[in-house]
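Structural characterization, general
Single-letter residue listing:
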Protein chains: 2
Amino acid sequence: MLSKGNCIIGQSGGPTVAINASLSGVLQGVLESDAYDSVYGMINGIEGLLQGKYLNLSEQFNTSEELDKLAITPAMYLGSCRFKLPDYKVAPEIYEILFNFFISNNITTVFYIGGNDSMDTVVKLSSYAKVKDLSINIIGIPKTIDNDLPMTDHTPGFGSAAKFVATTMLEIAHDTYIYNIPSVTIVEIMGRNAGWLTAASALARTSYSNAPDLIYLPEASFSMDAFVSDIKRLQKERKNIIVAVSEGIKDEEGNYISATSTTVDAFGHKQLCGAGKTLENYLKEQIGCKVRSIELNVLQRSAGHIASKTDIDESVMIGKAAVKAALAGKTAEMLCYNRMSNDPYYVDIVSHAIEDIANKEKVIPRHWINEQGNDVTEELITYMRPLIEGETFIGYANGLPIYCDITHLHKKHFFNEK
Amino acid sequence: MLSKGNCIIGQSGGPTVAINASLSGVLQGVLESDAYDSVYGMINGIEGLLQGKYLNLSEQFNTSEELDKLAITPAMYLGSCRFKLPDYKVAPEIYEILFNFFISNNITTVFYIGGNDSMDTVVKLSSYAKVKDLSINIIGIPKTIDNDLPMTDHTPGFGSAAKFVATTMLEIAHDTYIYNIPSVTIVEIMGRNAGWLTAASALARTSYSNAPDLIYLPEASFSMDAFVSDIKRLQKERKNIIVAVSEGIKDEEGNYISATSTTVDAFGHKQLCGAGKTLENYLKEQIGCKVRSIELNVLQRSAGHIASKTDIDESVMIGKAAVKAALAGKTAEMLCYNRMSNDPYYVDIVSHAIEDIANKEKVIPRHWINEQGNDVTEELITYMRPLIEGETFIGYANGLPIYCDITHLHKKHFFNEK
């Protein structure tokens, strides 16, 4: 039988609830096309592969039940790394290890699923393959809850995180409204430089609830004075005020607000406060009412039980499209969503040169934020609304969602095997 | 037409996702029995009623669609209060206001939904009625995420909070396992004196995930030294350790651990740390790996989208049973779950004298905690497992759960009307 060659997949960067949907999509695309003999998975991305850690995915995922369960499992089935490949001129031995592995295992395509930093790995591997004239295709598949990758309408994983943020914001509003005393609730949401996920809190507004009343993003400079005056102005009309704030809000000079406030703990050591806590502490000094802050923390990137169906379905689609792109001979490209229509919502999947994407950040355009810098515009909401539409069917057992076992990541017997 | 009399319902204490299910249950019970002309609702509990704030519920909830939507709406449709009625000998005028209202509105039954403190209100109102020989029945309906009410097998609202905690713990485990570096993740869960909700994190364990690795509860005294040695011991076998800790853990002398660690903020003011943050800061000093803490915060009592079907169904049932109890002439009693069988799980609803319940707390029996005080026993898990079973059907619109509008709580035109 003629060998068709093999492919390998890696995941890297921060987790999302949709990154395994893209992994499932690649596996489904391979099954449908029958274009590869085996699909391997790097354990802990390119860093793990350098240590000889990988597994055979084709053997484990060969039924639609297993592939569907993988698609709704949060975080990363293959584990992650935060590793920046050095330039091949500086460390050629690293590239020799990797490409010797690819060649000796008859690997003709490398799929790498990740965000801005991970796309740097795609750039470097494909540049090396080009220089050495090796016919190995390197394909990038996007993922990030931050929605900050250029060239793509939005990123896989963002819609589900946005649905969690919007749902939770609505539920926090319910929790807040029940007391007959004035209060300010500050909700801190992830995003160091791009405020997309914090902006998604605006999707929580319904015909009856206007929470969040204020939204502060890294893209508009933040002033404590303006913040306090925003609160005082709103308190004249409303009893309970809810604020959405990005962890990455900055002052006029570009300094993170969170970095301006440190606390000294009981042992005399300085601890950094988050943006929410910093605002809470400051506001308590300024106004005489109940102030609390809530950090959504890792829940916003791991809450698979409230994933967006649109996001999960598209993330599977983009994985399948990656297989087609590889079979069409593409390399050094990343798959992107291209929005064809907003109503009805419909995206096409295209691919773009990786150089235009790696190490670049797409932030919210200033005209999608109001002039005062304390809210988003209707245009942003129209763009974002379709991304949280639909609920994913998840099986439950013993009252818990049924996800894939990911503890192979911590088991030695999977390592160093073919 | 002969007047059948009216009834009134109040809600008080902290919110849960099931307290509106009990409100819906009372309304359904009234509709089915046709025993009252109108059902009124106090706005912000007994405190709001003293200010003349109430509304007519019968007019608003007269279809099964409306009643079903109410049953899955988190927090409190009627708003809450934290108000302790003074003794009637000390402040007879307060009781005169309330009972004049009841009598002039032909109210023959008062239903009050709440926890330990709220049951104190039931005790005081019913004692006053007895002393004054007024034929007004006062019925208590339990609710609390803390599960700390005596005489009832468990409390409405607990199962849903437990399902959120267990699901989130499993998802945090997925988020944690992906990195190939040692880490400790501390998850702080609500419960000042009773550790039931923190113990529910043990329900997150599956055939593949043993998170949480350690569980610390207020019922077993906590020692920082034992904590650090537990962590160091486990680190020899596992890379990622996940700890569930109750906000109310105490040292041997009964002092809250959270109160032993204060931080000084940038303005020189002392701020209290939570238990999770306190453990995080201490552990960072003791071991050289990544340590982070996550506070589940109000999400554990407001996440209606992951409510337990068992909890919601039972909470409706207990509301209906309260109507039957009132019609049977009971007063000064609280409805309770009585577990008849664990497999198959089945509860009966009975009622108990309120004096045995009000102002009392039910904590975890010490023999349901292991000897070392860092985990729960299989018996506790067997008791708790049925309470998180089943998923509630929630409608979605625009990607968000469809809940009842609760903003009437902040609208003046509902107040002072009949």
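Residues numbered from 1 in each chain as written. Chains lettered and ligands numbered in written order. Predicted model: local features only at pLDDT ≥ 70, side-chain atom pairs only at ≥ 80, totals over all residues. Heavy atoms only, no water.

**A few points about the overall build of chain A**
Across its full length, chain A holds 13 helices and 15 strands. What you see for chain A is a C-alpha radius of gyration of 23 Å, in line with the 22 Å of a compact globule of 418 residues. In terms of principal-axis extent, the alpha carbons of chain A reach across some 80 × 45 × 40 Å. A buried classification covers 65% of the 418 residues belonging to chain A. Sequence separation of at least 24 residues holds for 75% of the intrachain contacts in chain A that already meet a minimum separation of 6. Surface accessibility of chain A: about 15,200 Å² in total, with carbon and sulfur atoms responsible for 50%. Counting 37 positive and 50 negative side-chain charges, chain A places the centres of these two groups 3 Å from one another. (Helix = DSSP H or I, 4+ residues; strand = E, 2+ residues; numbered from the N terminus. Rg over C-alpha atoms; globule rule 2.2 N^0.38 Å. Buried < 20%, exposed > 50% of the residue type's maximum accessible area, 1.4 Å probe, protein only. Contact = heavy atoms within 4.5 Å. Areas by Shrake-Rupley, 256 points an atom, 1.4 Å probe, with all protein chains shown as cover. Lys, Arg positive; Asp, Glu negative; His and termini not counted. Charge placed at Lys NZ, Arg CZ, Asp CG, Glu CD.)

**Side note on the sheet that holds strand E2 (residues 39-42) of chain B**
Residues and elements named next belong to chain B. One open sheet accounts for seven strands, arranged E3-E2-E1-E4-E5-E12-E13; its pairing is mixed. Here the strands that pair on one side only, and so sit at the sheet edges, are strand E3 (54-56) and strand E13 (345-353). Averaged over all neighbouring strand pairs, the angle between strand axes comes to 25°, with direction disregarded. Here six bridges tie strand E1 (residues 6-11) to strand E4 (residues 107-114), and the two strands are oriented parallel to one another. Counterpart to Ile8 in the pairing with E4 is Val110. Seen against the sheet, helix H1 (residues 19-33) touches E1, E2, E4 and strand E5 (137-142) and runs at an angle of roughly 175° to E1. In this fold helix H5 (residues 92-104) packs onto E1, E3 and E4, with an angle of close to 125° to the strand it touches most, E4. (Pairing = 2+ DSSP bridges. Axes fitted to C-alpha atoms, helices over the stretch in contact; angles between N-to-C directions.)

**Brief notes about the sheet that holds strand E6 (residues 183-189) of chain A**
All names here are of chain A. Spatially, four strands are ordered E7-E8-E6-E11 in an open sheet, and the strand pairing comes out parallel. Strand pairing shows two members of the sheet lacking a second neighbour, strand E7 (214-216) and strand E11 (290-295), which therefore form its edges. Each strand axis lies, on average, 15° off the axis of its neighbour in the sheet, ignoring direction.

**Let's talk about the packing of helix H1 (residues 19-33) of chain A against helix H12 (residues 309-327) of chain A**
Residues and elements named next belong to chain A. Between H1 and H12, the least distance of the axes is 7 Å, while the angle of their chain directions is 45°. Taken together, the axes of H1 and H12 lie oblique to each other. Along this stretch, H1 crosses H12, giving a crossing that reads as right-handed. Residue-level inspection shows Ala21, Ser22, Gly25, Val26, Gln28, Gly29, Val30, Glu32 and Ser33 of H1 in contact with H12, the latter providing Ile312, Ser315, Val316, Ile318, Gly319, Lys320, Val323 and Leu327. Tallied by class, residues from the contact of H1 with H12 come to eight nonpolar, seven polar and two charged. (Parallel < 35°, antiparallel > 145°, perpendicular 65-115°, else oblique. Left-handed = near helix turned anticlockwise from the far one by under 90°. Nonpolar A, V, L, I, M, F, W, Y, C, P; charged D, E, K, R; others polar.)

**Structural notes on the nonpolar core**
As a rule of thumb, soluble globular proteins bury nonpolar side chains together. Core analysis: the largest hydrophobic core is formed by 191 residues, its most contacted members being A:Leu57, A:Phe111, A:Met384, B:Leu57, B:Phe111 and B:Met384. Not counting the four nearest positions on each side in its chain, A:Leu57 is found in contact with A:Ile9, A:Leu23, A:Leu27, A:Val39, A:Tyr40, A:Gly41, A:Tyr77 and A:Leu78. Among the nonpolar cores identified, the runner-up in size contains 34 residues, and A:Ile8, A:Tyr54, A:Met119 and A:Cys336 belong to it. (Core = buried A, V, L, I, M, F, W, Y, C linked by side-chain atoms within 4.5 Å.)

**Focus on the interface of chain B and chain A**
Every contact between the two is made by 77 residues of chain B and, on the other side, 77 residues of chain A. Carbon and sulfur atoms supply 60% of the area buried between chain B and chain A, which totals about 6,200 Å² over both sides. The interface formed by chain B and chain A contains two salt bridges. At the surface where chain B touches chain A, the tally comes to 19 residue pairs in polar contact (both at pLDDT 80 or more). Mapped by element, the contributors of at least two residues to the side of chain B that touches chain A are helix H7 (158-177), strand E9 (262-264), helix H11 (275-286), strand E11 (290-295), helix H12 (299-302) and strand E15 (400-401) of chain B. For the side of chain B that touches chain A, the element with the most residues is H7(B), which contributes 11 residues. (Buried area = accessible area lost by both parts, 1.4 Å probe. Salt bridge = Lys/Arg side-chain N within 4 Å of Asp/Glu carboxyl O. Polar contact = N/O pair within 3.5 Å; in protein donor to acceptor, adjacent residues only side chain to side chain.)

**Quick word on the packing of aromatic side chains**
Aromatic ring pairs are defined here through the distance separating the ring centres and the angle between the ring planes. All names here are of chain A. Using the criterion set out here, one finds 30 aromatic pairs over all chains in the structure. Seen from their ring centres, Trp196 and Tyr383 are 5.7 Å apart, and the 50° between their planes marks the pair as tilted. One end of the pair, Trp196, is in helix H8 (residues 196-199); the other, Tyr383, is in helix H13 (residues 378-384), and 187 residues separate them in sequence. The exposure class assigned to Tyr383 is buried, which follows from its relative accessible area of 8%. Through a chain of ring-to-ring contacts, three or more aromatic side chains come together here, namely Tyr40, Tyr54, Tyr88, Tyr95, Phe99, Phe101, Phe102 and Tyr128. Residue placement shows Arg192 over the ring face of Tyr256; its charged tip is 3.9 Å from the ring centre. (Phe/Tyr/Trp six-rings, centres within 6.5 Å; stacked < 30°, edge-to-face > 60°. Lys NZ or Arg CZ within 6 Å of the ring centre and 35° of its normal.)

**Focus: the environment of A:Val184**
Residues and elements named next belong to chain A. Residue position: Val184 is located in strand E6. Take Val184: its relative accessible area is 0%, and that puts it in the buried class. The sequence separation of Val184 and Lys290 amounts to 106 residues, and the corresponding C-alpha distance is 6.3 Å. Leave out the neighbours within four places in its chain, and Val184 touches Ile231, Gln235, Ile241, Val243, Leu283, Ile287, Cys289, Lys290, Val291 and Arg292.

**Observations concerning the relation of the copies chain B and chain A**
You can overlay chain B on chain A at an RMSD of 0.0 Å; the transform is a turn of 180° with a shift of 0.0 Å along its axis. Taken together, the rotation and translation relating the two chain copies correspond to the operation of a two-fold axis. Here 100% of the contact residues of chain B are again contact residues in chain A; the copies associate through an equivalent surface. (Least-squares fit on C-alpha atoms with pLDDT ≥ 70 in both.)

**Brief notes about the confidence of the model for chain A**
Residues and elements named next belong to chain A. When pLDDT is averaged along chain A, the result is 93, and 94% of the positions lie at 70 or above. Low confidence marks residues 413-418, where pLDDT is under 50. Its contacts with residues over four positions away, or in another chain, come to 16 contacts. We note a pTM of 0.96 for the whole complex and an ipTM of 0.96 for its interfaces. (pLDDT = per-residue confidence, 0-100.)

**What to know about the pattern of salt bridges**
Side-chain pairs of opposite charge can arise whenever the charged atoms involved come near each other. The tally for this structure, following the rule as stated, stands at 30 salt bridges over all chains. A salt bridge links A:Glu237 to A:Arg238; the nearest nitrogen and oxygen atoms lie 3.5 Å apart. Residue classification places A:Arg238 among the partly exposed positions, given a relative accessible area of 26%. With a closest N to O distance of 2.8 Å, B:Asp153 and B:Arg339 form a salt bridge.

**Points about unusual backbone geometry**
Across the junction of A:Asp343 and A:Pro344, the peptide omega takes the value 5°, indicating a cis bond. Mapped onto the secondary structure, A:Pro344 falls in the loop between strand E12 (333-342) and strand E13 (345-353). Despite not being glycine, A:Asn44 shows a phi value in the positive range, around 60°. Here the phi dihedral of B:Met151 falls at roughly 75°; this positive angle occurs in a residue that is not glycine. Among the structural elements, B:Met151 can be located in the loop between E5 and H7. Exposure remark for B:Met151: the relative accessible area of 36% places this residue in the partly exposed category.

**Overview of the side chain of B:Thr16**
Residue and element names in this part refer to chain B. You can see Thr16 is positioned in the loop between E1 and H1. Judged by its relative accessible area of 0%, Thr16 is buried. Only 3.1 Å separates the side chain of Thr16 from the backbone nitrogen of Ile19, close enough to count as a polar contact. Beyond its immediate chain neighbours, meaning those up to four positions away, Thr16 contacts Pro74, Ala75, Lys143, Thr144, Ile145, Gly157 and Arg301.

**Quick look at the side chain of A:Lys143**
Residues and elements named next belong to chain A. With respect to the helices, strands and loops of the structure, Lys143 is situated in the loop between strand E5 (137-142) and helix H7 (158-177). Of the buried charged residues, Lys143 lacks a salt bridge, with Asp146 as the closest side chain of opposite charge at 7.2 Å. Setting aside anything within four residues of it in sequence, one finds Lys143 in contact with Ser12, Gly13, Gly14, Thr16, Ile19, Met76, Ile113, Gly114, Gly115, Leu149 and Pro156.

**Examining the environment of A:Gln235**
Residue and element names in this part refer to chain A. Mapped onto the elements, Gln235 comes out in helix H9 (residues 224-235). For the pair Gln235 and Pro182, spaced 53 residues apart in sequence, the C-alpha to C-alpha distance is 8.0 Å. Setting aside residues up to four positions removed in sequence, Gln235 forms contacts with Val184, Ile241, Ile287 and Cys289.

**Section: the pairing of strand E1 (residues 6-11) of chain A**
Residues and elements named next belong to chain A. The buried fraction of E1 amounts to six of the six residues, a majority that puts the element mostly inside the structure. Neither face of E1 is open: one carries Asn6, Ile8 and Gly10, the other Cys7, Ile9 and Gln11, and all of them are buried. Summarising the sheet, E1 and strand E2 (residues 39-42) pair through three bridges and their orientation is parallel. Residue pairing for E2: Ile9 is matched across the bridge by Gly41. The β-α-β motif built from E1, the intervening H1 and the parallel element E2 has right-handed crossover chirality. (Right-handed = clockwise from strand over helix to strand, strands pointing away.)

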